[in-house]
Amino acid sequence: MTLAHAFTEPASKPSSPFEPIHAFDDSNSAAGNIGAELRLIREAAPRFRKWFRETGMPEYVETFPLAAVPYPTRFGLHRAHRTPAPLVTMTNRLVVIRWKDARGGRKTFLFEPSDVELGENVPFYRALSDRTPKFLRRFGVTKYDDVATHVRKLGIDPAEVDYLAFDHLHVQDVRRLVGTNSPAADISPNAKVPPLFPNAKLLVQASELELIREMHPLQAPWYQPATFRDLREGSVVPLHGDVLLGPGVALVETPGHATGNMSLVLNTDSGIWAMSENVIAAELLTPEVSDIPGVRQAAARWGVEAILNGNTLEATARQYNSVVKEKLIVDRSRKDSRFLQFFPSSELTKNPVNVGTAPTFVHGRLSHGRLVRES
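Parameters and conventions
Residues numbered from 1 in each chain as written. Predicted model: local features only at pLDDT ≥ 70, side-chain atom pairs only at ≥ 80, totals over all residues. Heavy atoms only, no water. Helix = DSSP H or I, 4+ residues; strand = E, 2+ residues; numbered from the N terminus. Rg over C-alpha atoms; globule rule 2.2 N^0.38 Å. Contact = heavy atoms within 4.5 Å. Areas by Shrake-Rupley, 256 points an atom, 1.4 Å probe, with all protein chains shown as cover. Lys, Arg positive; Asp, Glu negative; His and termini not counted. Charge placed at Lys NZ, Arg CZ, Asp CG, Glu CD. Core = buried A, V, L, I, M, F, W, Y, C linked by side-chain atoms within 4.5 Å. Buried < 20%, exposed > 50% of the residue type's maximum accessible area, 1.4 Å probe, protein only. Pairing = 2+ DSSP bridges. Right-handed = clockwise from strand over helix to strand, strands pointing away. Arc of directions from axis to C-beta. Polar contact = N/O pair within 3.5 Å; in protein donor to acceptor, adjacent residues only side chain to side chain. Salt bridge = Lys/Arg side-chain N within 4 Å of Asp/Glu carboxyl O. Phe/Tyr/Trp six-rings, centres within 6.5 Å; stacked < 30°, edge-to-face > 60°. Lys NZ or Arg CZ within 6 Å of the ring centre and 35° of its normal.

Peer 1: Could you give an account of the overall build of the protein chain, naming the residues involved and the relevant values?
Peer 2: For the protein chain, the helix and strand inventory stands at 12 helices and 17 strands. Computed over C-alpha atoms, the radius of gyration of the protein chain comes to 20 Å, within 12% of the 21 Å expected from 2.2 N^0.38 for 375 residues, which places it in the range of a compact globule. Across its three principal directions, the C-alpha atoms of the protein chain cover 55 × 55 × 40 Å. Contacts in the protein chain between residues far apart in sequence, at least 24 positions, make up 73% of those at least 6 positions apart. Within the structure as shown, the protein chain displays about 15800 Å² of accessible surface, and the carbon and sulfur contribution to it stands at 53%. Mean positive and mean negative side-chain charge positions of the protein chain (44 and 42 charges, respectively) differ by 5 Å.

Peer 1: Please set out the nonpolar core residue by residue, giving values where relevant.
Peer 2: Judged by nonpolar contacts, the single largest core of 77 residues is most densely connected at Leu 110, Tyr 125, Leu 164, Phe 197 and Val 265. Per element, the largest residue contribution to this core is six residues, and it comes from strand β2 (residues 60-72). Apart from the residues within four sequence positions on either side, Phe 197 is in contact with Leu 110, Val 147, Val 151, Pro 158, Val 161, Leu 164, Leu 177 and Arg 232. Counting 23 residues, the second-largest nonpolar core is a separate cluster that includes Val 61, Ile 97, Phe 111 and Met 262.

Peer 1: How would you summarise the pairing of strand β9 (residues 201-205) if you had to cite specific residues and measurements?
Peer 2: Across the five residues of β9, four count as buried, placing the element largely inside the fold. Pairing of strand β6 (residues 163-165) with β9, which is carried by three bridges, proceeds in the parallel orientation. Counterpart to Tyr 163 in the pairing with β9 is Lys 201. Two elements, β9 and strand β10 (residues 236-239), share four bridges in a ladder whose sense is parallel. Each bridged residue has a counterpart across the sheet, and for Leu 203 the counterpart in β10 is Val 237. Following the backbone out of β9, through helix α10 (residues 206-213) and into the adjacent parallel β10, one traces a crossover that is right-handed.

Peer 1: An account of helix α6 (residues 123-131) is needed here, citing residue identities and associated values.
Peer 2: Where α6 is concerned, the buried positions are Phe 124, Tyr 125 and Leu 128. Along α6, the residues classed as buried sweep out an arc of 90° about the axis, all on the same side. Each element contacted by the buried residues of α6 is listed here: β2 and α4 (73-76).

Peer 1: Let's hear about the side chain of Lys 327: which residues, and what values?
Peer 2: Position of Lys 327 among the secondary structure elements: in helix α12 (residues 316-329). Only 3.3 Å separates the side chain of Lys 327 from the backbone oxygen of Glu 305, close enough to count as a polar contact. Beyond its immediate stretch of four places on either side in the chain, Lys 327 contacts Leu 285, Glu 305 and Leu 340.

Peer 1: So what's going on with the pattern of salt bridges? Residues and values would help.
Peer 2: Using the criterion set out here, one finds 21 salt bridges in the structure. The salt bridge partner of Asp 331 is Arg 53, with a shortest N-O separation of 3.3 Å. Of this pair, Asp 331 sits in the loop between α12 and β15 (342-344) while Arg 53 sits in helix α3 (residues 34-53), and the two are 278 residues apart along the sequence. For Asp 331, a relative accessible area of 14% puts it in the buried group. A residue is classified by how much of its surface remains accessible, and Arg 53, at 35% relative accessible area, is partly exposed.

Peer 1: Which residues make up the side chain of His 363, and what are the values?
Peer 2: Tracing the backbone through its elements, the reader meets His 363 in the loop between β16 (346-349) and β17 (367-369). Given the relative accessible area of 5%, His 363 is considered buried. Excluding anything up to four places from it in sequence, His 363 contacts Trp 273, Ala 282, Ser 333, Lys 335, Leu 340, Gln 341, Phe 342, Phe 343 and Glu 347.

Peer 1: With reference to specific residues and values, describe the packing of aromatic side chains.
Peer 2: One pass over the structure, following the stated rule, counts 17 aromatic pairs. An aromatic cluster is built from Phe 18, Trp 99, Phe 109, Phe 111 and Tyr 163, whose rings are joined through pairwise contacts. The residue whose ring lies beneath Arg 74 is Phe 75, and the NZ or CZ to ring-centre distance is 4.5 Å. It is Lys 325 that lies over the ring of Phe 24; its NZ or CZ is 4.5 Å from the centre.

Peer 1: So what about unusual backbone geometry? Which residues, and what values?
Peer 2: If you check the backbone angles, Arg 79 has positive phi at about 60° while not being a glycine. By secondary structure assignment, the location of Arg 79 is in the loop between α4 and β3 (87-100). Exposure remark for Arg 79: the relative accessible area of 44% places this residue in the partly exposed category. Of note, Glu 112 is a non-glycine position whose phi angle comes to about 60°, a positive value. Mapping Glu 112 onto the fold places it in the loop between β4 (106-111) and α5 (116-119).

Here it is in C-alpha cells:
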C-alpha cells in the first residue's frame, strides 16, 4: 500500500514491527458498554503497571518547549471554570526519547514534533487569528526553538531519528517532517518537499487514518486532511492497538478526545509517566486538590474524578475512561504527591492575561537518563 493510499483507503492490518500489548484487550473489546469498559480498565491497570515496569527503561528522555498557544477556556476546563477569561494558555512540548533495542542498536523517537508554523493553518486557529486584532496577536502565541533546532542542538543527526508520533493529529501538518511525493503548492511549489527526518516512520493509529480518509464535520475544524494525501511513500506505519516500542516506551490507546488518540507511556528513574492531551493539567486528574476556581466544585457537583479537555466531545464517556486508565497506570509526582505523573502534551501555563486560569501545579519538564551521541 502506498502512503497516499494509507490516508485515502481503509488501513489494512499487517503484522506490526512492534510487540503488541494485550493488558487492555478485554476493556477495549467492551467499548460498546462504557460502564463495563471502565470496570475492566480498573481491573487491568495494576497488571499493566507491573508488567510495564519490568520491560526496563529507555536511555534518555527530555522535553523541549515548542510554543505557548491560546485555547478556549470552555474546552480546556470543560464545565469547570469560574473565570471570565475566554482563553487559557497551553505549552506544547517535543519529547526526545532514546533506547537500545534487543540487538543493541540505538533507536530515536520524537513524540509531538509539531510543525508550529504549518499547524497555524488548521481551520480553528485560522479563524481565531482572523478574529483577533493584529496588535493583540503577538500576545497570544510564544514560539520557542522549532523541532529541527532542538534536534540539532542535541547533536542528533536527523537521519538518526527512527520514529515520530503524536497523541493525535489535531492541527498537525507533517509534510516537512516526512516529505512528499510531489510538489506542494503552498510550501514547495517547484519540487517535492524534502523530509527533515528521511529515515523516520510516522506512527499513527489506523483508526485515525480512517478518520482522515472520511472526515466528519464536527472533527473538521481541528484537522488538515489535505496535507496528508501526498506524503512520502513508506513513511507511515499504521498501528492497531497498544504497542511496546522499546524498554519502558509504549503507545497505549486512549480514545475519546480524538479518534485514534494514544498516550505515550514511559518508565523512568522517577517512575511511570503518561502523556496525552486528554486533559490539559495534571491537577485535572486529581481535581479535589486543584486551586483553579471552580474545578473542585465542578468535580464534586458532577461526581467525576477528572475534568476533561472537551473541544471535540467525539466520545466523552470513552475519553473519561481513557483518563481513568492514565490515572491508574502512572506514579505519583515526586515534586508533590498530591499530583500524578501525567504530563499533558499541551500543558496549562500561567498567563497574567488569562485571569483565574493559573495552574496549581505544573510538571514543566521531564528528564531521564543521559543522551549518548552516536559515534
